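One-letter residues, chain by chain:
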Protein chains: 2
Amino acid sequence: MPSKEVNPDLLKERHTATFDPHEFAVFWAGGEERYKEKKSLEKMFLEDPALKDDLPISYLSHKELYEHSLRKACIIGEKIRKLRAEGEDGVDTYNALLGGSLGAAILKEGNPLTLHYVMFVPTIMGQGTMDQQVEWLSKAWDCEIIGTYAQTELGHGTFLRGLETRADYDARTQEFVINTPSLSAYKWWPGGLGHTANHAVVVAQLYTKGEFRGLAPFIVQLRHSDTHEPLPGIDIGDIGTKLGMKSVNNGYLGLKNVRVPLNNMLMKNQQVLPDGTYVAPKNSVLTYGTMMFVRCALIRDTAQSLAKASTIATRYSAVRRQSPIDPNQPEPQIMDHTTQQLKLFPQIAKSIVFKTTGDGIWNMYNVLSGEIEQGNLDRLPEMHALSCCLKAICSADAAAGVETCRLSCGGHGYMDCSNFPTIYGMTTAVCTYEGENTVMLLQTARYLVKVYGQALNGEKLVPTVAYINDALKERQFVNFDGSLESIVKAFQFVAANKIRIAYEQIEQRRRQGHSTEMAANLSGTFLTAAADLHGRAFLAESAYTELLAVSRQVSPALADVLKVVLELYLVDACLNRIGDFLRFIDLTDKDVTTLEIRLQNCLKQLRPNAVTLVDSFDLHDRVLDSVLGAYDGNVYERIFESTKKNPLNKEPVNEAFHKYLKPFMKAHL
Amino acid sequence: MPSKEVNPDLLKERHTATFDPHEFAVFWAGGEERYKEKKSLEKMFLEDPALKDDLPISYLSHKELYEHSLRKACIIGEKIRKLRAEGEDGVDTYNALLGGSLGAAILKEGNPLTLHYVMFVPTIMGQGTMDQQVEWLSKAWDCEIIGTYAQTELGHGTFLRGLETRADYDARTQEFVINTPSLSAYKWWPGGLGHTANHAVVVAQLYTKGEFRGLAPFIVQLRHSDTHEPLPGIDIGDIGTKLGMKSVNNGYLGLKNVRVPLNNMLMKNQQVLPDGTYVAPKNSVLTYGTMMFVRCALIRDTAQSLAKASTIATRYSAVRRQSPIDPNQPEPQIMDHTTQQLKLFPQIAKSIVFKTTGDGIWNMYNVLSGEIEQGNLDRLPEMHALSCCLKAICSADAAAGVETCRLSCGGHGYMDCSNFPTIYGMTTAVCTYEGENTVMLLQTARYLVKVYGQALNGEKLVPTVAYINDALKERQFVNFDGSLESIVKAFQFVAANKIRIAYEQIEQRRRQGHSTEMAANLSGTFLTAAADLHGRAFLAESAYTELLAVSRQVSPALADVLKVVLELYLVDACLNRIGDFLRFIDLTDKDVTTLEIRLQNCLKQLRPNAVTLVDSFDLHDRVLDSVLGAYDGNVYERIFESTKKNPLNKEPVNEAFHKYLKPFMKAHL
């Protein structure tokens, strides 16, 4: 190990902080109790030598990585059993162990058992009848069976009605016959499907009595309980290497006349009777709930990714010295270059805003869940629209932010031992899964255009889009005084105008004779732009509301820092969309320069607290897993130490020299 | 192999083209002769079974990949010998074989011998005396010795004066004693340094007679000529796994009292006499030449990366069907969604513009080279400033464009078999190497601010910045009529204003009492923004000039397509900086909407030619190496075929089941 002494530049940074990092860390963890739980889980998992790696996993082949990861996944599973036995298995524990914080410290490229816990079990709970839950849940909880969730197909993703896998009910034997009728119907992507799960919830088009009934979920056994051999009719395997999530064991699945009993269809929402009579679901919107739940959780994940990346880059930027500002002085900490500050500090601010917004949305979701349970679906479309665009914006911004942080570390960020490549791989994946980002924005936009029409008709809109009513009243935005509140209001005014333009584009094309659908397609880029601004306006308001609320609850010292974070976030967000601001609001060149200078001032104000702010994210060195970002800042020692683990360096001369290079070099002698 | 029949959707696309792809392909290759050379090289290299991979390299461990790559590198080296013997070893051949086109078809993660050819040999040619060239060059050309170029250190990159490695001349023995005095002085990054090269040009701080003399290059033997064992005092190895360039064998090098003869210092520009007398170089700017040469080449590389990524994504978007536009119709080709077009087509346009700009800059460089040889250094600062910002902009845009293409392919783009992860890894590296992008922009900006001051004093500026003179004359831009020419002029006007603001920011801070250097640092983000706009204004003008020039030389059918490409490029570029346009030019909301509708029209016009345009880049399937982007478009068959090669799928049950999973599942039974 490198020396335990902390790099003096980092020490210096920690002395300049104006607030107590512990106070922030407790807030960040969600309160004292959660903070203690976090520390106790870290102890339980990170001090277990069986969960430590001698060799960085980037040196393993794909096959070796799978075997290595399954071993650790089973150890984690065993500990989860223990926690459950002790009654300590809340949703936060699962999030930590299977997600990007503690989970990433153990299995940074993903866990092949995650989908068992977060999709297989919850689907049985959510879509199985009470009897089915009795039959399957205890086996699943005890991991006597391991499942996954198989929906996406090789040729079909977001558009669920396009799925080809079909289940035909055979009343004679009271079984469903499940088939993937073509190559493009093969199930593709489910985590753990390759070689890990022996069961899956398979989503298929249901046919009974020869009639099509819509989609339904079926529990299908894939592998023999003892031998793990694929069962007859099952073609199964691992889909191969990927940009990230390298140890998730994503799999493919072909089904050929696979028969499952009637009772294997999850029947809470819809039923098939033994004679094949189909009973349709009462309410098809109920399944929206799960998707929203997942998207809300993803927003918090993006905050976590940005927190990791900005911690690594900020600490490195305090230690690295490069390019003199004054030619007569030694090279400064690179964090003293304002260009570097502009790369780092907005990412720190975004982590904080995405986190508080994610928490806020999570609470909104919980309120809504209760309403839905009671049959009140009023706010569902609004919440759906909001969760779609926020998922898209936060994931895209987080992925871009991770890359900004990586690039800010120069060449060293390019090395796997920086951990940026893994963090990026995990973060950019969020742009695609659980609803591809462009599709998400279009779904939001469809809602926005609809409510815009209602507002034109004089209707009063629901809270998150009520700003459209205001914008219609005052066609000009006259009160831009640069206050934070006016930036938030301006964001809403700009969003309302982007929605107006999208609406007008569709209307114009309809007048030209296009169908509503074609008009919407031809206006696609106007629609995504409108949804983007709607989401950003919400983020701006949420940042303003949540951070000021937190500021009132914490010490004045911390409150001051949070206010700088808020101002930095809002001014940066505004300048990133300055084209839209100038387009709809009467701002001058000088107004823009003023905002730019203000941004610089925010950077300057944050500078002395930057390292302590990222320290306060309280990310364990194992979670960061970065030679550039460790708490002690011994960057060069840690880089060098990592090369010593490289299997190529175990021999001074690689055998390829004797086999290939020497004959080539001596060929002409 | 998948069936050889071409996917019917791609066939249809190829029928709708309005121009002859062969005509474009010949232009793209650089004329008939180059086109033929290209085809002949492809035949020579791609039909050699020894250069084909049975197993995709993403399944290899780091060590296996190195051994695999060195084997192929030696075969390529052998063929290069053959080509040299036949006199067919022009610079284009080296570019093809060692770069991102043909080279990538054989060694997609890089070649451990590349630096030998592109840095070691050229450095001896450029910096060695005639005697030294006689001594070293033939051995190097014949690969009797393999070299690399060791400049960057673990703790020191862009700022060369910060390098720590030192060479002390010992007149007694007429040797230099070379040392890396600390860990941060270790040489870091040189390709092939790890286990491949047995020599290196080592850049070190020169001391003679106890006095510091500046940087100098030394040829140092690293490994024994026969055994390849590291020589005494040499600590050497591979730096480890990385985001990309995974088989380049980047290495580290520590030197402890390593002695090399006097004659191993390359002495063309500066000399050390046997008694230690130092003769300084006549002109220190000469080394700028090489850096500019490399940066000009990089601009063309970025075009190549974008061409690859856009070919893959465009073909896939013609084959993939998803999300009905009209709910009563089947799912359309995803390329029919305008949101998808906005992802793809600007990347196609950028490939073309970066290519023609790169060619133009290359020609400028060659003219300049001639001038420098004759002692005329007038245009050197201008050309340096231009090459810096273009390297930064083109690499950043190309990396972002590759990711846009990847994300446009949804989940399938995330699989390594799409080849996007490798293309991204290779492309984003360009943002960092050969001058980190922010540092590049700051270098350009320093020049721009300087000439702005000259223009204020009434001086007439050199051609690439002459627009500043114009902008100072006419403080308002009144003639924005939307013509392509006026977009180019507007870009220049906007750039001039961004330079003005950067200049004013520095001046203001100087008036506040800051040193010029500190004032520049505090204005850093204004400076990079100015350099960005300068580069983009040049790209706009170059696109306009070069593409119209080409249009006059080709068939009317092709000329029409190129004009759409030009308009798309310019309108998109303008909208991407619309905030700056609105800030300095009096445009209304409606003007912006008009531009946005115009962009949509460009997309629509390009749609029928999109597949044929990327076909015309004429990238061999092996160069693309993508299951999504092959010429035949048999996407799903190729994806499926790739999973069959996955070593994990060679056994139905992985041994980890028996070792870990089964005991875990049965634990409680």
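This text goes with the structure placed above it.
Structure report, in brief.

About the criteria used
Residues numbered from 1 in each chain as written. Chains lettered and ligands numbered in written order. Predicted model: local features only at pLDDT ≥ 70, side-chain atom pairs only at ≥ 80, totals over all residues. Heavy atoms only, no water. Helix = DSSP H or I, 4+ residues; strand = E, 2+ residues; numbered from the N terminus. Rg over C-alpha atoms; globule rule 2.2 N^0.38 Å. Buried < 20%, exposed > 50% of the residue type's maximum accessible area, 1.4 Å probe, protein only. Contact = heavy atoms within 4.5 Å. Lys, Arg positive; Asp, Glu negative; His and termini not counted. Charge placed at Lys NZ, Arg CZ, Asp CG, Glu CD. Buried area = accessible area lost by both parts, 1.4 Å probe. Salt bridge = Lys/Arg side-chain N within 4 Å of Asp/Glu carboxyl O. Polar contact = N/O pair within 3.5 Å; in protein donor to acceptor, adjacent residues only side chain to side chain. Nonpolar A, V, L, I, M, F, W, Y, C, P; charged D, E, K, R; others polar. Pairing = 2+ DSSP bridges. Least-squares fit on C-alpha atoms with pLDDT ≥ 70 in both. Phe/Tyr/Trp six-rings, centres within 6.5 Å; stacked < 30°, edge-to-face > 60°. Lys NZ or Arg CZ within 6 Å of the ring centre and 35° of its normal. Core = buried A, V, L, I, M, F, W, Y, C linked by side-chain atoms within 4.5 Å. Expected span 1.5 Å × (residues − 1). Disulfide = S-S within 2.5 Å.

Right, let's talk about the overall build of chain A for a bit. The secondary structure content of chain A amounts to 24 helices and 11 strands. The globule rule puts the C-alpha radius of gyration for 669 residues at 26 Å, and the 27 Å found for chain A is close to it. Relative to its full complement of 669 residues, chain A shows a buried share of 61%. For chain A, contacts bridging at least 24 residues in sequence account for 72% of all contacts bridging at least 6. Positive and negative side-chain charges in chain A, numbering 71 and 78 respectively, have mean positions lying 3 Å apart.

Take the interface of chain B and chain A next. Taken together, the 140 residues of chain B in the interface contact 140 residues of chain A. Summing both sides of the interface, chain B and chain A together bury roughly 11700 Å²; the carbon and sulfur share of this comes to 61%. It is Tyr414(B), Arg583(B) and Phe664(B) that lose the most area in chain B upon contact with chain A, and together they represent 7% of the buried surface on that side. Across the pair Asp589(A) and Arg500(B) runs a salt bridge, and its minimum N-O distance is 3.0 Å. Counting the contacts that link chain B with chain A gives 58 residue pairs in polar contact (both at pLDDT 80 or more). No other element matches helix α4 (residues 62-85) of chain B, which puts 10 residues into the side of chain B that touches chain A. Taken together, the residues of the side of chain B that touches chain A break down into 58 nonpolar, 47 polar and 35 charged.

What follows covers the pairing of strand β6 (residues 211-221) of chain B. Residue and element names in this part refer to chain B. As paired strands, strand β5 (residues 199-208) and β6 are joined by 10 bridges and run antiparallel to one another. Within the sheet, the bridge partner assigned to Val202 lies in β6 and is Phe218. Counting the residues between successive antiparallel strands, the hairpin from β5 to β6 contains two residues, one of them, Lys209, with a positive phi of roughly 45°.

On to the relation of the copies chain B and chain A. For the match of chain B to chain A, the screw axis carries a shift of 0.0 Å, the RMSD comes to 0.0 Å, and the turn is 180°. Such a turn and shift between the copies fits a two-fold axis. Residue Gly579(B) of chain B places its C-alpha closer to the rotation axis than any other residue of that unit, at 1.7 Å. The overlap is high: 100% of the interface residues of chain B also sit at the interface in chain A, so the same surface is used on both sides.

Structurally, the position occupied by Leu522(B) is in helix α16 (residues 516-522). The spatial distance from the C-alpha of Leu522(B) to the C-alpha of Ala216(B) is 33 Å, given a sequence separation of 306 residues.

A few words now on the pairing of strand β9 (residues 258-261) of chain B. Residues in a regular strand project their side chains so that they alternate between the two faces of the sheet. Residues and elements named next belong to chain B. Here β9 shows a buried face lined by Val258 and Val260 and an unburied face lined by Arg259 and Pro261. Relative to β9, strand β3 (residues 175-179) is paired through four bridges, and the arrangement is antiparallel. Within β9, the position partnered with Val177 by the bridge is Arg259.

Moving on, we get to the environment of Glu541(A). All names here are of chain A. Along the chain, Glu541 turns up in helix α17 (residues 524-553). Put simply, Glu541 and Lys489 are 52 residues apart on the chain and 8.2 Å apart in space, counted from C-alpha to C-alpha. Once you skip the residues sitting within four places of it in the chain, Glu541 turns out to touch Val488 and Gln492.

All names here are of chain B. Spatial ordering of the open sheet is given by β4-β8-β7, a layout of three strands whose pairing is antiparallel. The open sheet is flanked by β4 (187-188) and β7 (234-238), the only strands paired with a single partner. Alignment of β7 against strand β8 (residues 251-255), held across five bridges, turns out to be antiparallel. Counterpart to Gly237 in the pairing with β8 is Tyr252.

Applying the stated rule across the entire model yields 83 salt bridges over all chains. Close ionic contact of Arg166(A) with Asp168(A) constitutes a salt bridge, the shortest N to O distance being 2.7 Å. Using a relative accessible area of 23% as the deciding quantity, one classes Asp168(A) as partly exposed. One salt bridge connects Asp170(B) with Arg172(B), and the closest N-O pair in it is separated by 3.2 Å. Residues joined by salt bridges that share partners form a network here, namely Arg500(A), Glu504(A), Arg583(A), Asp589(B) and Glu596(B).

Moving on, we come to unusual backbone geometry. Look at Asn249(A): it is not a glycine, yet its phi comes out positive at around 60°. For Asn249(A), the position within the fold is in the loop between β7 (234-238) and β8 (251-255). Overall, Asn249(A) belongs to the buried group, its relative accessible area being 2%. For Met245(B), which is not glycine, the phi dihedral falls at a positive 50°. Within the secondary structure layout, Met245(B) lies in the loop between β7 and β8.

As a further point, take the packing of aromatic side chains. Summed over the entire model, instances satisfying the criterion amount to 45 aromatic pairs over all chains. Seen in terms of ring centroids, Trp362(B) and Tyr365(B) are 6.4 Å apart; in terms of plane orientation they differ by 40°. Their pairing is tilted. With Trp362(B) and Tyr365(B) both in helix α10 (residues 338-373) and three residues apart, the pair spans about one turn of that helix. This pair shows no difference in class: Trp362(B) is buried, exactly as Tyr365(B) is. An aromatic cluster is present here, built from Phe19(A), Phe24(A), Phe27(A), Trp28(A) and Phe617(A) joined pairwise through their rings. The side chain of Arg81(A) reaches across the aromatic face of Phe664(B), ending 4.3 Å from its centre.

Okay, the nonpolar core next. Counting 356 residues, the largest nonpolar core has Trp188(A), Ile468(A), Ile585(A), Trp188(B), Ile468(B) and Ile585(B) as its most contacted members. If we ignore the near neighbours within four places in the chain, the residues touching Ile585(B) are Phe477(B), Phe480(B), Ala490(B), Phe493(B) and Val494(B).

The subject of this paragraph is the side chain of Thr165(B). For Thr165(B), the position within the fold is in the loop between β1 (149-150) and β2 (166-170). Of the polar contacts made by the side chain of Thr165(B), one reaches the side chain of Glu153(B); its length is 2.6 Å.

Time to look at the sheet that holds β7(A). What links the strands of a sheet is backbone hydrogen bonding, and the strands pair in either a parallel or an antiparallel sense. The three strands lie next to each other as β4-β8-β7 (chain A), forming an open sheet whose pairing is antiparallel. Of all the strands in the sheet, the pair left with one neighbour each is β4 (187-188) and β7 of chain A.

Another aspect to go through is helix α13 (residues 437-456) of chain B. Residues and elements named next belong to chain B. The first and last C-alpha atoms of α13 sit 28 Å apart over 20 residues, in line with the 28 Å expected at 1.5 Å per residue. Of the residues flanking the start of α13, the one acting as N-cap is Glu436, its side-chain oxygen 3.0 Å from the backbone nitrogen of Thr438. Where α13 terminates, the next one or two residues include Gly458, which has phi positive at roughly 90°.

All names here are of chain A. Evaluated as defined, the whole model comprises zero disulfides over all chains. As a non-bridged cysteine, Cys143 has Cys74 as the owner of its nearest cysteine sulfur, 8.6 Å distant. Cysteine Cys394 is unpaired, with the sulfur of Cys389 as its nearest cysteine sulfur at 8.7 Å.

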